[in-house]
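Each chain, written out:
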Amino acid sequence: MNERDARFAEIGRALREHRKFAVLSHVRPDGDALGSTLALTLSLKELGKEVRAWNEDGMLEKYNFLPRAELLTHPPSTPEDFDVAIALDTAVQNRSSSE
Ligand SMILES: [Mn+2]
């Protein structure tokens, strides 16, 4: 297995072997941020996982046509624990939060 496939396999294991996920994307989201967040959220739910889909800016009205758009919300003000947090469409760590 080459290095890229090994990394994908490792990500697959992390997804299969854990139960509770937060799926996040960058601030001032675009269609790929919100669409990829919803797509992974729905895939994980299909696997029976507990998933939160959050974006600092919430769902943009113009993307409300996306399937299950209502699942993507602003993060709550109270902290929540997860097994795995996944940042999508986010090349640098501090781009998923406005802080
Ligand atoms: Mn983007």
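Rules behind the numbers
Residues numbered from 1 in each chain as written. Predicted model: local features only at pLDDT ≥ 70, side-chain atom pairs only at ≥ 80, totals over all residues. Heavy atoms only, no water. Donors = N, O, S within 2.8 Å, 3.2 Å for Na, K, Ca; no water. Buried < 20%, exposed > 50% of the residue type's maximum accessible area, 1.4 Å probe, protein only. Helix = DSSP H or I, 4+ residues; strand = E, 2+ residues; numbered from the N terminus. Pairing = 2+ DSSP bridges. Contact = heavy atoms within 4.5 Å. Axes fitted to C-alpha atoms, helices over the stretch in contact; angles between N-to-C directions. Phe/Tyr/Trp six-rings, centres within 6.5 Å; stacked < 30°, edge-to-face > 60°. Lys NZ or Arg CZ within 6 Å of the ring centre and 35° of its normal. Polar contact = N/O pair within 3.5 Å; in protein donor to acceptor, adjacent residues only side chain to side chain.

Novice: Any chance you could explain the coordination of the manganese ion here in plain terms?
Specialist: For a metal bound by four donors in tetrahedral geometry, the ideal donor-metal-donor angle is 109.5 degrees, whereas six donors in octahedral geometry ideally sit at 90 or 180 degrees. Looking at the metal site, the manganese ion is ligated by His26 (NE2), Asp30 (OD), Asp30 (OD) and Asp89 (OD), spaced 2.0 to 2.5 Å from it. Within one chain, the residues donating to the manganese ion are spaced in sequence as H-x3-D-x58-D.

Novice: Help me understand the pairing of strand β4 (residues 84-88), please; the structure alone is not making it clear to me.
Specialist: Consecutive residues of a regular strand have side chains that alternate between opposite faces of the sheet. Of the two faces of β4, only the one carrying Val84, Ile86 and Leu88 is buried; Ala85 and Ala87 on the other face are not. Bridge count between strand β1 (residues 20-25) and β4: five bridges; the pairing is parallel. In the sheet register, Leu24 faces β4, and the bridge partner there is Ala87.

Novice: Where do I start with the sheet that holds β1 in this structure?
Specialist: Through backbone hydrogen bonds, the strands of a sheet pair up, either in parallel or in antiparallel fashion. An order of β3-β2-β1-β4 is seen for the four strands of this open sheet, with the pairing classed as parallel. In this open sheet, the two edge strands, each paired with only one partner strand, are β3 (72-73) and β4. Two strands pair when backbone bridges link them, and strand β2 (residues 50-54) and β3 are joined in this way by two bridges, in the parallel orientation. Among the inter-strand pairings, Trp54 is bridged to a residue of β3, identified as Thr73. Here helix α2 (residues 31-46) sits on the sheet in contact with β1, β2, β3 and β4, set at roughly 170 degrees to β1.

Novice: I'm lost on the packing of aromatic side chains in this one. Help?
Specialist: Two measures describe an aromatic ring pair: the distance that separates the ring centres and the angle between the ring planes. A full pass over the atoms with the stated rule returns two aromatic pairs. With 5.4 Å between their ring centres and 80 degrees between their planes, Trp54 and Phe82 make a pair best called edge-to-face. Within this pair, whereas Trp54 is found in strand β2, its partner Phe82 is found in the loop between β3 and β4, the two being separated by 28 residues in sequence. Where Tyr63 meets Phe65, the ring centres are 6.4 Å apart and the plane angle is 45 degrees; that geometry is what we call tilted. The positively charged end of Lys20 is found above the aromatic ring belonging to Phe82, 5.3 Å away from the centroid.

Novice: Where do I start with the side chain of His26 in this structure?
Specialist: Locating His26 in the fold gives a position in the loop between β1 and α2. What makes His26 buried here is its relative accessible area of 1%. Side chain to side chain, His26 and Asp30 meet in a polar contact 3.2 Å long. At 2.8 Å, the side chain of His26 forms a polar contact with the side chain of Asp89.

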